[in-house]
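Descriptive structure summary
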Amino acid sequence: MLDPFIRAHRARPSVYNLAGRVPVSIRDQLVRAQILVERLLKSSDLSAGSRLLVVGAGAAGATVGILAARNDIDVIVIDAGVGPFALQKSCTTRWIDPVQYDWPAQHADRGRWPLSGPPPDVPMTFAADFANVIAENWSDVLSDETFMRPNLDVRFETTLKRYPVRAPSSPAGPLTAEFSHPVHGDYTENFDLVVLARGVARERVTVPLDQDNPKAGVFSSVKFWQTDQFQSPTLGLAAPDHRVLVSGGGDGALQDYIRLTTGTKSALQLLTTIVSALPSGPGLLERLRWELAEAEDQAHRMQLWSADGADDHAALQNLHDKHLALIKGLQSSFAADWRDVVSTVCGLANGRNPERILLVHPCTHFSMAYGLNRFLALLIRECIRERFGVDTISGKTRVRSVRPDLGAGHSAPCQAGCWGRPHFVELLSGAGCLSAGTKHPSGFDYQGVVIRHGTEQHTRAGVRRHSLPKHL
Ligand SMILES: Cc1cc2nc3c(=O)[nH]c(=O)nc-3n(C[C@H](O)[C@H](O)[C@H](O)COP(=O)(O)OP(=O)(O)OC[C@H]3O[C@@H](n4cnc5c(N)ncnc54)[C@H](O)[C@@H]3O)c2cc1C
(Lines give C-alpha, C1' and ligand atoms only; values in the text may rest on other atoms or scores of the structure.)
Protein backbone atom coordinates (compact mmCIF):
# COMPACT_ATOMS: atom_id res chain seq x y z
CA MET A 1 0.00 0.00 0.00
CA LEU A 2 1.27 3.45 -0.91
CA ASP A 3 2.17 5.48 2.18
CA PRO A 4 -0.83 7.78 2.90
CA PHE A 5 1.36 10.86 3.38
CA ILE A 6 3.17 10.26 0.12
CA ARG A 7 -0.13 9.70 -1.66
CA ALA A 8 -1.65 12.90 -0.22
CA HIS A 9 1.20 14.98 -1.65
CA ARG A 10 1.82 13.18 -4.93
CA ALA A 11 0.99 15.28 -7.99
CA ARG A 12 2.33 12.81 -10.60
CA PRO A 13 4.68 9.84 -10.43
CA SER A 14 7.90 11.08 -8.75
CA VAL A 15 6.54 14.66 -8.44
CA TYR A 16 5.34 15.82 -5.00
CA ASN A 17 3.59 19.07 -4.21
CA LEU A 18 3.84 20.73 -0.81
CA ALA A 19 1.80 23.77 -1.86
CA GLY A 20 -1.94 24.06 -2.42
CA ARG A 21 -2.80 22.28 0.82
CA VAL A 22 -4.35 23.68 3.98
CA PRO A 23 -3.50 24.18 6.78
CA VAL A 24 -0.53 26.12 5.45
CA SER A 25 1.05 27.97 8.35
CA ILE A 26 4.84 28.03 8.46
CA ARG A 27 4.79 25.35 11.15
CA ASP A 28 2.50 23.19 9.00
CA GLN A 29 4.83 23.53 6.01
CA LEU A 30 7.80 22.52 8.15
CA VAL A 31 5.91 19.45 9.38
CA ARG A 32 4.83 18.56 5.82
CA ALA A 33 8.36 18.91 4.47
CA GLN A 34 9.88 16.84 7.25
CA ILE A 35 7.36 14.00 7.06
CA LEU A 36 7.51 13.86 3.26
CA VAL A 37 11.31 13.43 3.22
CA GLU A 38 11.20 10.84 6.00
CA ARG A 39 8.53 8.81 4.19
CA LEU A 40 10.25 9.05 0.79
CA LEU A 41 13.44 7.75 2.37
CA LYS A 42 11.60 4.98 4.17
CA SER A 43 9.80 3.87 1.02
CA SER A 44 13.11 4.03 -0.93
CA ASP A 45 11.62 6.52 -3.39
CA LEU A 46 14.65 8.55 -2.32
CA SER A 47 17.97 6.89 -1.62
CA ALA A 48 21.62 7.90 -1.40
CA GLY A 49 22.79 9.17 -4.77
CA SER A 50 19.28 10.04 -6.10
CA ARG A 51 19.01 13.41 -7.80
CA LEU A 52 16.31 15.59 -6.23
CA LEU A 53 15.00 18.91 -7.50
CA VAL A 54 13.26 21.18 -4.96
CA VAL A 55 11.39 24.14 -6.44
CA GLY A 56 11.11 26.98 -3.95
CA ALA A 57 13.45 28.13 -1.17
CA GLY A 58 10.77 29.04 1.34
CA ALA A 59 10.49 27.29 4.71
CA ALA A 60 9.12 24.11 3.10
CA GLY A 61 11.62 23.84 0.22
CA ALA A 62 14.64 24.64 2.40
CA THR A 63 13.61 21.97 4.91
CA VAL A 64 13.24 19.35 2.18
CA GLY A 65 16.59 20.34 0.67
CA ILE A 66 18.53 20.24 3.94
CA LEU A 67 17.02 16.96 5.16
CA ALA A 68 17.52 15.21 1.84
CA ALA A 69 21.13 16.44 1.59
CA ARG A 70 21.82 15.17 5.11
CA ASN A 71 20.76 11.75 3.80
CA ASP A 72 23.25 11.79 0.93
CA ILE A 73 20.78 12.76 -1.79
CA ASP A 74 22.10 15.08 -4.52
CA VAL A 75 19.87 18.09 -4.11
CA ILE A 76 19.31 21.19 -6.19
CA VAL A 77 17.03 23.83 -4.66
CA ILE A 78 15.98 26.57 -7.05
CA ASP A 79 14.14 29.80 -6.35
CA ALA A 80 12.96 32.51 -8.69
CA GLY A 81 13.84 35.19 -6.12
CA VAL A 82 17.23 36.60 -5.15
CA GLY A 83 17.34 34.86 -1.76
CA PRO A 84 15.53 32.39 0.50
CA PHE A 85 12.43 33.03 2.66
CA ALA A 86 11.50 36.02 0.55
CA LEU A 87 7.99 36.46 1.95
CA GLN A 88 9.12 36.81 5.53
CA LYS A 89 12.51 38.44 5.02
CA SER A 90 11.47 42.02 4.46
CA CYS A 91 8.48 42.09 6.82
CA THR A 92 9.39 43.74 10.12
CA THR A 93 5.86 44.05 11.52
CA ARG A 94 4.26 40.59 11.22
CA TRP A 95 4.68 38.54 14.40
CA ILE A 96 4.91 34.82 13.76
CA ASP A 97 4.18 32.32 16.49
CA PRO A 98 4.53 28.65 15.59
CA VAL A 99 1.85 27.40 17.98
CA GLN A 100 -0.51 30.23 19.01
CA TYR A 101 -3.12 29.13 16.48
CA ASP A 102 -3.28 25.66 18.01
CA TRP A 103 -5.39 27.42 20.69
CA PRO A 104 -7.59 26.22 22.39
CA ALA A 105 -4.96 23.45 22.74
CA GLN A 106 -2.97 23.75 25.98
CA HIS A 107 0.45 24.22 24.37
CA ALA A 108 -0.64 27.33 22.40
CA ASP A 109 1.33 29.69 24.67
CA ARG A 110 4.67 27.87 24.36
CA GLY A 111 5.88 30.10 21.52
CA ARG A 112 8.37 27.66 20.04
CA TRP A 113 8.59 24.75 17.65
CA PRO A 114 9.34 21.97 18.18
CA LEU A 115 7.72 22.25 21.58
CA SER A 116 10.46 20.54 23.55
CA GLY A 117 14.10 20.90 22.54
CA PRO A 118 14.98 20.48 18.87
CA PRO A 119 15.51 16.86 17.85
CA PRO A 120 18.76 16.66 15.86
CA ASP A 121 16.99 16.03 12.54
CA VAL A 122 14.79 19.19 12.59
CA PRO A 123 16.84 21.71 10.60
CA MET A 124 14.75 24.84 10.98
CA THR A 125 13.36 25.36 14.46
CA PHE A 126 11.86 28.68 15.50
CA ALA A 127 10.57 30.72 18.38
CA ALA A 128 7.87 33.40 18.12
CA ASP A 129 9.33 36.61 16.68
CA PHE A 130 8.94 39.11 13.88
CA ALA A 131 8.98 37.52 10.42
CA ASN A 132 12.24 39.14 9.27
CA VAL A 133 14.12 37.92 12.37
CA ILE A 134 12.95 34.35 11.85
CA ALA A 135 13.88 34.51 8.15
CA GLU A 136 17.38 35.83 9.00
CA ASN A 137 17.98 32.91 11.38
CA TRP A 138 16.85 30.39 8.78
CA SER A 139 19.03 32.02 6.12
CA ASP A 140 22.04 31.36 8.39
CA VAL A 141 20.98 27.72 8.79
CA LEU A 142 20.59 27.29 5.03
CA SER A 143 23.91 28.90 4.16
CA ASP A 144 25.75 26.84 6.83
CA GLU A 145 24.25 23.63 5.42
CA THR A 146 25.07 24.66 1.85
CA PHE A 147 28.64 25.43 2.88
CA MET A 148 29.09 22.09 4.66
CA ARG A 149 27.40 19.85 2.08
CA PRO A 150 28.68 19.77 -1.48
CA ASN A 151 25.60 17.73 -2.42
CA LEU A 152 23.30 20.68 -1.58
CA ASP A 153 23.21 23.25 -4.38
CA VAL A 154 20.94 26.29 -3.94
CA ARG A 155 20.40 28.45 -7.03
CA PHE A 156 18.60 31.78 -6.92
CA GLU A 157 17.08 33.79 -9.75
CA THR A 158 16.34 30.42 -11.31
CA THR A 159 12.79 29.76 -12.43
CA LEU A 160 11.19 26.45 -13.26
CA LYS A 161 9.69 27.15 -16.67
CA ARG A 162 7.60 24.05 -17.20
CA TYR A 163 6.30 21.11 -15.23
CA PRO A 164 9.08 18.44 -15.09
CA VAL A 165 8.25 15.56 -17.46
CA ARG A 166 9.59 12.19 -18.54
CA ALA A 167 10.37 11.63 -22.20
CA PRO A 168 7.44 9.68 -23.77
CA SER A 169 9.99 7.19 -25.12
CA SER A 170 11.33 6.54 -21.61
CA PRO A 171 8.45 6.28 -19.11
CA ALA A 172 10.78 4.94 -16.38
CA GLY A 173 13.58 7.40 -17.19
CA PRO A 174 14.50 10.66 -15.48
CA LEU A 175 12.31 13.75 -15.18
CA THR A 176 13.54 16.63 -17.28
CA ALA A 177 13.19 20.09 -15.77
CA GLU A 178 13.61 23.28 -17.79
CA PHE A 179 15.05 26.32 -16.02
CA SER A 180 15.51 29.93 -16.89
CA HIS A 181 18.20 32.20 -15.43
CA PRO A 182 18.93 35.87 -16.30
CA VAL A 183 22.62 35.16 -16.98
CA HIS A 184 22.80 31.45 -17.85
CA GLY A 185 19.66 31.57 -20.01
CA ASP A 186 17.42 28.53 -20.46
CA TYR A 187 18.78 25.06 -19.72
CA THR A 188 17.53 21.59 -18.77
CA GLU A 189 18.63 19.02 -16.20
CA ASN A 190 17.45 15.51 -15.27
CA PHE A 191 16.22 14.37 -11.88
CA ASP A 192 14.89 11.22 -10.21
CA LEU A 193 12.37 13.06 -8.08
CA VAL A 194 10.89 16.57 -7.82
CA VAL A 195 9.34 18.35 -4.84
CA LEU A 196 7.35 21.47 -5.66
CA ALA A 197 7.40 23.91 -2.75
CA ARG A 198 6.31 26.99 -4.67
CA GLY A 199 4.01 28.49 -2.03
CA VAL A 200 0.98 30.39 -3.28
CA ALA A 201 0.89 31.95 -6.74
CA ARG A 202 -0.55 35.26 -5.59
CA GLU A 203 -2.25 36.91 -2.67
CA ARG A 204 -5.62 38.47 -3.51
CA VAL A 205 -5.19 42.08 -2.44
CA THR A 206 -6.71 43.89 -5.40
CA VAL A 207 -10.20 45.11 -6.27
CA PRO A 208 -11.30 47.15 -9.30
CA LEU A 209 -10.88 50.91 -9.20
CA ASP A 210 -14.19 51.09 -11.02
CA GLN A 211 -16.30 47.95 -11.32
CA ASP A 212 -18.21 49.39 -14.29
CA ASN A 213 -15.03 50.21 -16.23
CA PRO A 214 -12.63 47.22 -16.33
CA LYS A 215 -10.02 49.32 -18.17
CA ALA A 216 -9.64 51.64 -15.16
CA GLY A 217 -7.29 49.17 -13.43
CA VAL A 218 -7.15 47.94 -9.86
CA PHE A 219 -6.65 49.20 -6.35
CA SER A 220 -3.88 47.21 -4.65
CA SER A 221 -3.81 47.15 -0.86
CA VAL A 222 -0.79 46.68 1.39
CA LYS A 223 0.10 42.96 1.28
CA PHE A 224 0.03 40.55 4.20
CA TRP A 225 3.81 40.08 4.25
CA GLN A 226 4.58 43.76 3.65
CA THR A 227 5.82 45.95 6.51
CA ASP A 228 2.81 48.01 7.57
CA GLN A 229 1.88 50.64 10.15
CA PHE A 230 -1.10 48.88 11.71
CA GLN A 231 0.41 48.78 15.20
CA SER A 232 1.68 52.34 15.26
CA PRO A 233 -0.45 54.49 17.64
CA THR A 234 -1.70 56.62 14.73
CA LEU A 235 -1.88 53.66 12.30
CA GLY A 236 0.36 55.81 10.12
CA LEU A 237 -2.57 58.11 9.33
CA ALA A 238 -2.33 61.88 9.66
CA ALA A 239 -6.03 62.65 10.18
CA PRO A 240 -7.29 62.13 13.74
CA ASP A 241 -10.72 61.20 12.37
CA HIS A 242 -9.36 58.39 10.21
CA ARG A 243 -11.49 55.48 9.09
CA VAL A 244 -9.99 52.17 8.01
CA LEU A 245 -11.75 49.39 6.13
CA VAL A 246 -10.60 45.77 6.29
CA SER A 247 -12.20 43.39 3.79
CA GLY A 248 -12.22 39.62 4.21
CA GLY A 249 -13.43 36.95 6.60
CA GLY A 250 -10.35 34.72 6.91
CA ASP A 251 -7.23 34.78 9.05
CA GLY A 252 -5.53 37.63 7.20
CA ALA A 253 -8.48 39.98 7.71
CA LEU A 254 -9.16 38.90 11.31
CA GLN A 255 -5.48 39.16 12.24
CA ASP A 256 -5.30 42.71 10.88
CA TYR A 257 -8.61 43.76 12.47
CA ILE A 258 -7.16 42.63 15.82
CA ARG A 259 -3.88 44.50 15.24
CA LEU A 260 -5.56 47.68 14.00
CA THR A 261 -8.13 47.89 16.78
CA THR A 262 -5.87 46.98 19.71
CA GLY A 263 -2.29 47.62 18.54
CA THR A 264 -1.21 44.20 19.83
CA LYS A 265 1.38 42.35 17.78
CA SER A 266 -0.27 38.96 18.11
CA ALA A 267 -3.58 37.37 19.01
CA LEU A 268 -1.90 35.48 21.83
CA GLN A 269 -0.52 38.70 23.31
CA LEU A 270 -4.05 40.12 23.40
CA LEU A 271 -5.50 36.98 24.98
CA THR A 272 -2.79 36.88 27.65
CA THR A 273 -3.41 40.56 28.46
CA ILE A 274 -7.14 39.95 28.81
CA VAL A 275 -6.69 36.83 30.98
CA SER A 276 -4.24 38.54 33.32
CA ALA A 277 -6.73 41.40 33.84
CA LEU A 278 -9.65 39.17 34.89
CA PRO A 279 -10.50 39.43 38.59
CA SER A 280 -11.48 35.76 38.70
CA GLY A 281 -8.20 34.71 37.08
CA PRO A 282 -7.82 32.42 34.08
CA GLY A 283 -10.50 29.93 35.25
CA LEU A 284 -13.33 31.60 33.35
CA LEU A 285 -11.60 31.61 29.99
CA GLU A 286 -10.35 28.09 30.66
CA ARG A 287 -13.98 26.94 30.80
CA LEU A 288 -14.78 28.70 27.54
CA ARG A 289 -11.66 27.23 26.04
CA TRP A 290 -12.88 23.64 26.33
CA GLU A 291 -16.28 24.42 24.90
CA LEU A 292 -14.62 26.20 21.98
CA ALA A 293 -12.18 23.32 21.46
CA GLU A 294 -15.11 20.98 20.93
CA ALA A 295 -16.88 23.36 18.54
CA GLU A 296 -13.68 24.01 16.54
CA ASP A 297 -12.97 20.29 16.30
CA GLN A 298 -16.50 19.55 15.04
CA ALA A 299 -16.30 22.30 12.38
CA HIS A 300 -12.88 21.07 11.26
CA ARG A 301 -14.17 17.49 10.88
CA MET A 302 -17.21 18.72 8.90
CA GLN A 303 -15.07 20.83 6.58
CA LEU A 304 -12.56 18.04 5.90
CA TRP A 305 -15.32 15.95 4.32
CA SER A 306 -17.27 18.78 2.72
CA ALA A 307 -17.49 17.94 -0.98
CA ASP A 308 -16.67 21.11 -2.97
CA GLY A 309 -17.26 23.12 0.19
CA ALA A 310 -21.00 22.32 0.13
CA ASP A 311 -21.23 21.85 3.91
CA ASP A 312 -18.93 24.74 4.77
CA HIS A 313 -21.68 27.29 5.29
CA ALA A 314 -23.51 25.17 7.88
CA ALA A 315 -20.28 24.17 9.67
CA LEU A 316 -18.95 27.73 9.80
CA GLN A 317 -22.29 29.21 10.84
CA ASN A 318 -22.58 26.75 13.75
CA LEU A 319 -19.08 27.63 14.82
CA HIS A 320 -19.67 31.38 14.55
CA ASP A 321 -22.88 31.07 16.58
CA LYS A 322 -21.10 29.03 19.26
CA HIS A 323 -18.39 31.67 19.67
CA LEU A 324 -21.04 34.40 19.83
CA ALA A 325 -23.12 32.49 22.39
CA LEU A 326 -20.10 32.02 24.67
CA ILE A 327 -19.22 35.71 24.46
CA LYS A 328 -22.85 36.67 25.18
CA GLY A 329 -22.78 34.27 28.16
CA LEU A 330 -19.67 36.00 29.44
CA GLN A 331 -21.40 39.38 29.14
CA SER A 332 -24.61 38.32 30.89
CA SER A 333 -23.42 35.92 33.58
CA PHE A 334 -20.03 37.33 34.56
CA ALA A 335 -20.69 41.07 34.57
CA ALA A 336 -17.63 42.01 36.69
CA ASP A 337 -15.27 40.01 34.51
CA TRP A 338 -16.89 41.38 31.38
CA ARG A 339 -16.39 44.98 32.55
CA ASP A 340 -12.69 44.21 32.93
CA VAL A 341 -12.51 42.63 29.50
CA VAL A 342 -14.09 45.78 27.99
CA SER A 343 -11.74 48.14 29.83
CA THR A 344 -8.69 46.04 28.94
CA VAL A 345 -9.53 45.83 25.24
CA CYS A 346 -10.61 49.47 24.97
CA GLY A 347 -7.59 50.52 27.09
CA LEU A 348 -5.27 48.87 24.58
CA ALA A 349 -7.19 50.61 21.80
CA ASN A 350 -6.84 53.98 23.52
CA GLY A 351 -6.14 56.70 20.96
CA ARG A 352 -6.53 54.38 17.99
CA ASN A 353 -10.22 55.20 17.46
CA PRO A 354 -11.15 51.51 17.21
CA GLU A 355 -14.77 52.45 16.53
CA ARG A 356 -13.59 53.88 13.19
CA ILE A 357 -12.18 50.59 11.95
CA LEU A 358 -14.66 48.49 9.99
CA LEU A 359 -14.27 44.83 9.05
CA VAL A 360 -16.55 43.68 6.23
CA HIS A 361 -16.96 40.03 5.27
CA PRO A 362 -19.20 38.35 2.72
CA CYS A 363 -21.47 36.07 4.74
CA THR A 364 -23.12 35.77 8.15
CA HIS A 365 -20.08 33.90 9.43
CA PHE A 366 -16.30 34.28 8.98
CA SER A 367 -14.48 32.00 6.52
CA MET A 368 -12.20 29.15 7.49
CA ALA A 369 -10.03 30.76 10.20
CA TYR A 370 -8.18 29.87 13.36
CA GLY A 371 -10.30 29.69 16.53
CA LEU A 372 -8.18 32.29 18.32
CA ASN A 373 -8.67 34.90 15.59
CA ARG A 374 -12.40 34.14 15.37
CA PHE A 375 -12.90 34.40 19.13
CA LEU A 376 -10.87 37.56 19.63
CA ALA A 377 -12.34 39.42 16.64
CA LEU A 378 -15.86 38.75 17.93
CA LEU A 379 -14.83 39.67 21.49
CA ILE A 380 -13.25 42.96 20.37
CA ARG A 381 -16.37 43.79 18.37
CA GLU A 382 -18.56 43.37 21.49
CA CYS A 383 -16.18 45.49 23.61
CA ILE A 384 -16.18 48.32 21.06
CA ARG A 385 -19.94 48.08 20.67
CA GLU A 386 -20.42 48.36 24.42
CA ARG A 387 -18.00 51.28 24.88
CA PHE A 388 -18.74 53.30 21.72
CA GLY A 389 -22.16 52.03 20.60
CA VAL A 390 -20.75 51.22 17.15
CA ASP A 391 -20.72 47.88 15.33
CA THR A 392 -17.29 47.47 13.69
CA ILE A 393 -17.94 44.15 11.94
CA SER A 394 -20.36 44.02 9.07
CA GLY A 395 -21.34 40.63 7.61
CA LYS A 396 -23.10 40.09 4.27
CA THR A 397 -20.95 42.85 2.81
CA ARG A 398 -18.47 42.78 -0.06
CA VAL A 399 -16.18 45.46 -1.45
CA ARG A 400 -17.17 46.27 -5.05
CA SER A 401 -14.53 48.87 -5.86
CA VAL A 402 -11.99 51.14 -4.17
CA ARG A 403 -10.75 54.37 -5.70
CA PRO A 404 -8.16 56.34 -3.75
CA ASP A 405 -8.02 60.10 -4.22
CA LEU A 406 -4.34 60.36 -5.14
CA GLY A 407 -4.36 64.15 -5.36
CA ALA A 408 -3.64 66.46 -8.26
CA GLY A 409 -1.25 65.07 -10.85
CA HIS A 410 -1.39 61.47 -9.57
CA SER A 411 -3.32 59.21 -11.86
CA ALA A 412 -1.49 55.90 -11.36
CA PRO A 413 -3.47 53.14 -9.63
CA CYS A 414 -2.76 52.88 -5.93
CA GLN A 415 0.03 50.49 -4.99
CA ALA A 416 -0.57 50.71 -1.28
CA GLY A 417 1.27 54.04 -1.35
CA CYS A 418 -2.09 55.72 -0.95
CA TRP A 419 -2.39 54.74 2.72
CA GLY A 420 -3.66 57.87 4.45
CA ARG A 421 -5.36 59.41 1.42
CA PRO A 422 -9.16 59.46 1.11
CA HIS A 423 -10.56 56.34 -0.58
CA PHE A 424 -13.92 56.13 -2.28
CA VAL A 425 -15.35 52.69 -1.52
CA GLU A 426 -18.35 50.99 -3.07
CA LEU A 427 -19.80 48.21 -0.98
CA LEU A 428 -22.31 45.50 -1.83
CA SER A 429 -24.67 44.83 1.03
CA GLY A 430 -26.96 41.83 1.49
CA ALA A 431 -24.23 39.50 0.17
CA GLY A 432 -23.74 35.90 1.27
CA CYS A 433 -21.44 32.93 0.64
CA LEU A 434 -23.10 32.52 -2.73
CA SER A 435 -24.82 35.82 -3.49
CA ALA A 436 -23.35 39.12 -4.59
CA GLY A 437 -25.58 41.69 -2.86
CA THR A 438 -26.67 45.15 -3.95
CA LYS A 439 -24.64 48.30 -4.62
CA HIS A 440 -24.04 50.78 -1.81
CA PRO A 441 -21.58 53.67 -2.48
CA SER A 442 -19.84 54.98 0.62
CA GLY A 443 -18.17 58.25 -0.37
CA PHE A 444 -14.54 59.21 0.31
CA ASP A 445 -14.80 57.78 3.77
CA TYR A 446 -11.72 55.68 4.38
CA GLN A 447 -8.10 56.74 4.78
CA GLY A 448 -6.89 53.16 4.71
CA VAL A 449 -8.23 50.06 2.95
CA VAL A 450 -6.85 46.57 3.64
CA ILE A 451 -7.88 43.78 1.26
CA ARG A 452 -7.45 40.22 2.51
CA HIS A 453 -9.26 38.07 -0.02
CA GLY A 454 -7.23 34.86 0.23
CA THR A 455 -4.73 33.44 -2.25
CA GLU A 456 -4.43 32.03 -5.75
CA GLN A 457 -2.74 28.70 -6.33
CA HIS A 458 -0.21 27.65 -8.97
CA THR A 459 -2.47 24.88 -10.24
CA ARG A 460 -6.15 24.74 -11.06
CA ALA A 461 -6.56 21.63 -8.90
CA GLY A 462 -7.93 23.66 -5.97
CA VAL A 463 -6.79 23.58 -2.38
CA ARG A 464 -6.79 20.22 -0.59
CA ARG A 465 -7.72 20.08 3.06
CA HIS A 466 -5.62 18.03 5.41
CA SER A 467 -5.46 17.33 9.09
CA LEU A 468 -1.78 17.47 9.97
CA PRO A 469 0.10 16.38 13.08
CA LYS A 470 1.04 19.33 15.32
CA HIS A 471 4.15 17.64 16.69
CA LEU A 472 6.79 15.51 15.08
C1 LIG B 1 -1.56 35.83 2.74
C2 LIG B 1 -0.82 34.82 3.57
C3 LIG B 1 -0.91 34.87 4.96
C4 LIG B 1 -0.23 33.95 5.74
N5 LIG B 1 -0.28 34.03 7.12
C6 LIG B 1 0.47 33.22 7.88
C7 LIG B 1 0.56 33.36 9.31
O8 LIG B 1 -0.05 34.26 9.89
N9 LIG B 1 1.32 32.48 10.01
C10 LIG B 1 2.02 31.49 9.39
O11 LIG B 1 2.71 30.72 10.09
N12 LIG B 1 1.97 31.33 8.05
C13 LIG B 1 1.22 32.16 7.30
N14 LIG B 1 1.18 31.99 5.92
C15 LIG B 1 1.84 30.84 5.33
C16 LIG B 1 3.33 31.09 5.12
O17 LIG B 1 3.53 32.18 4.26
C18 LIG B 1 3.99 29.83 4.54
O19 LIG B 1 3.74 28.72 5.36
C20 LIG B 1 5.52 30.01 4.47
O21 LIG B 1 5.84 31.10 3.62
C22 LIG B 1 6.24 28.77 3.98
O23 LIG B 1 5.70 28.36 2.80
P24 LIG B 1 6.41 27.65 1.60
O25 LIG B 1 7.82 27.35 1.84
O26 LIG B 1 5.50 26.53 1.24
O27 LIG B 1 6.27 28.76 0.42
P28 LIG B 1 6.87 30.23 0.27
O29 LIG B 1 7.42 30.77 1.52
O30 LIG B 1 5.84 31.01 -0.45
O31 LIG B 1 8.10 29.96 -0.74
C32 LIG B 1 7.86 29.54 -2.08
C33 LIG B 1 9.05 29.94 -2.93
O34 LIG B 1 8.90 29.34 -4.21
C35 LIG B 1 9.43 30.20 -5.18
N36 LIG B 1 8.85 29.86 -6.50
C37 LIG B 1 7.55 29.86 -6.85
N38 LIG B 1 7.40 29.47 -8.13
C39 LIG B 1 8.65 29.20 -8.60
C40 LIG B 1 9.17 28.74 -9.84
N41 LIG B 1 8.37 28.45 -10.89
N42 LIG B 1 10.51 28.60 -9.98
C43 LIG B 1 11.33 28.86 -8.95
N44 LIG B 1 10.89 29.28 -7.72
C45 LIG B 1 9.58 29.45 -7.56
C46 LIG B 1 9.04 31.59 -4.69
O47 LIG B 1 9.93 32.56 -5.20
C48 LIG B 1 9.15 31.44 -3.17
O49 LIG B 1 10.39 31.92 -2.67
C50 LIG B 1 0.51 32.92 5.12
C51 LIG B 1 0.60 32.88 3.72
C52 LIG B 1 -0.04 33.83 2.96
C53 LIG B 1 0.10 33.77 1.45
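Residues numbered from 1 in each chain as written. Predicted model: local features only at pLDDT ≥ 70, side-chain atom pairs only at ≥ 80, totals over all residues.

1. A few points about the overall build of the protein chain
Across its full length, the protein chain holds 11 helices and 26 strands. Taking 23 Å as the expected radius of gyration for a compact globule of 472 residues, we find that the protein chain reaches 24 Å, a close match to that expectation. For the protein chain, the proportion of its 472 residues judged to be buried stands at 43%. Sequence-distant contacts in the protein chain: of pairs separated by 6 or more residues, those separated by 24 or more amount to 71%. (Helix = DSSP H or I, 4+ residues; strand = E, 2+ residues; numbered from the N terminus. Rg over C-alpha atoms; globule rule 2.2 N^0.38 Å. Buried ≥ 20, exposed ≤ 12 C-beta atoms within 10 Å, placed from the backbone. Contact = placed C-beta atoms within 7 Å.)

2. Overview of the domain arrangement of the protein chain
As assigned here, the protein chain comprises domain 1 (4-201 + 457-465) and domain 2 (203-456). With 20 residues of domain 1 at the interface, the matching set in domain 2 holds 21 residues. Broken down by class, the residue content of the side of domain 1 that touches domain 2 amounts to 10 nonpolar, 6 polar and 4 charged. (Domains from an automatic or database assignment. Nonpolar A, V, L, I, M, F, W, Y, C, P; charged D, E, K, R; others polar.)

3. With respect to the sheet that holds strand 24 (residues 448-451)
Two modes of strand pairing occur in sheets, parallel and antiparallel, and in both the strands are linked by backbone hydrogen bonds. With respect to topology, 4 strands assemble into an open sheet ordered 20-19-18-24, the strand pairing being parallel. Both edges of this open sheet fall to strand 20 (393-394) and strand 24, since each of them pairs with a single strand only. Here strand 18 (residues 244-247) runs beside strand 19 (residues 357-360); their pairing, made up of 4 bridges, is parallel. For valine 246, the partnering residue across the bridge sits in strand 19 and is leucine 359. With respect to the sheet, helix 6 (residues 251-262) is in contact with strand 18, strand 19 and strand 24, its orientation differing from that of strand 18 by roughly 160°. (Pairing = 2+ DSSP bridges. Axes fitted to C-alpha atoms, helices over the stretch in contact; angles between N-to-C directions.)

4. Focus on the site of the ligand
As a matter of local geometry, the ligand sits amid 30 residues, with Ser25, Gly56, Gly58, Ala60 and Gly199 nearest to it. Sorting the residues of the shell around the ligand by element identifies helix 2 (26-42), helix 3 (59-70), helix 4 (86-89) and strand 11 (159-166) as the ones contributing at least two each. The element that contributes the greatest number of residues to the shell around the ligand is helix 3, accounting for 3 residues. Among the residues forming the shell around the ligand, the class breakdown is 17 nonpolar, 10 polar and 3 charged. Each of domain 1 (4-201 + 457-465) and domain 2 (203-456) contributes no fewer than three residues to the shell around the ligand. (Near = placed C-beta within 6 Å.)

5. Things to note about the environment of aspartate 140
If you trace the backbone, aspartate 140 turns up in helix 5 (residues 131-148). Owing to 9 C-beta atoms within 10 Å, aspartate 140 belongs among the exposed residues under this scheme. Along the sequence, aspartate 140 and arginine 387 sit 247 residues apart, while their C-alpha atoms lie 48 Å from each other.

6. A closer look at the packing of helix 2 against helix 3
Where helix 2 contacts helix 3, the axes come no closer than 8 Å and their chain directions differ by 30°. Considering the angle they form, helix 2 stands roughly parallel to helix 3. As for the relative orientation of helix 2 and helix 3, their crossing is right-handed in sense. On helix 3, the residues that touch Ile26, Gln29, Leu30, Arg32, Ala33, Gln34, Leu36 and Val37 of helix 2 are Ala59, Ala60, Thr63, Val64, Leu67 and Ala68. When grouped by side-chain class, the residues that make up the contact of helix 2 with helix 3 number 10 nonpolar, 3 polar and 1 charged. (Parallel < 35°, antiparallel > 145°, perpendicular 65-115°, else oblique. Left-handed = near helix turned anticlockwise from the far one by under 90°.)

7. Here we look at the packing of helix 3 against helix 5
Packing of helix 3 against helix 5 leaves a shortest axis separation of 11 Å and a crossing angle of 30°. In terms of orientation, helix 3 and helix 5 fall into the roughly parallel class. Regarding helix 3 and helix 5, the two cross each other, and that crossing is left-handed. On the side of helix 3, the interface is formed by Ala59, Ala62, Ile66 and Ala69, while helix 5 contributes Trp138, Leu142 and Glu145. Each residue belonging to the contact of helix 3 with helix 5 can be placed in one class, and the counts come to 6 nonpolar, no polar and 1 charged.

8. Some thoughts on the pairing of strand 10 (residues 152-155)
The two faces of strand 10 differ: Leu152 and Val154 on one face are buried, but Asp153 and Arg155 on the other face are not. Here strand 5 (residues 74-78) runs beside strand 10; their pairing, made up of 4 bridges, is parallel. Bridging across to strand 10, valine 75 finds its partner in leucine 152.

9. Focus on the environment of leucine 376
On the secondary structure map, leucine 376 appears in helix 11 (residues 371-388). Spatially, the C-alpha atom of leucine 376 lies 43 Å from that of leucine 52, the residues being 324 residues apart in sequence. Here leucine 376 is in contact with Ile258, Ala267, Leu270 and Leu271, once residues within four sequence places are set aside.

10. Considerations on helix 2
The terminal C-alpha atoms of helix 2, which comprises 17 residues, lie 24 Å apart, in line with the 24 Å expected from a rise of 1.5 Å per residue. Here helix 2 lies mainly inside the structure; 12 of its 17 residues are buried. Within helix 2 the residues assigned to the buried category are Ile26, Arg27, Asp28, Gln29, Leu30, Val31, Arg32, Ala33, Gln34, Leu36, Val37 and Leu40. Against helix 1 (4-9), strand 2 (15-17), helix 3, strand 6 (95-96), strand 7 (112-113) and strand 14 (193-196) lie the buried residues of helix 2. (Expected span 1.5 Å × (residues − 1).)

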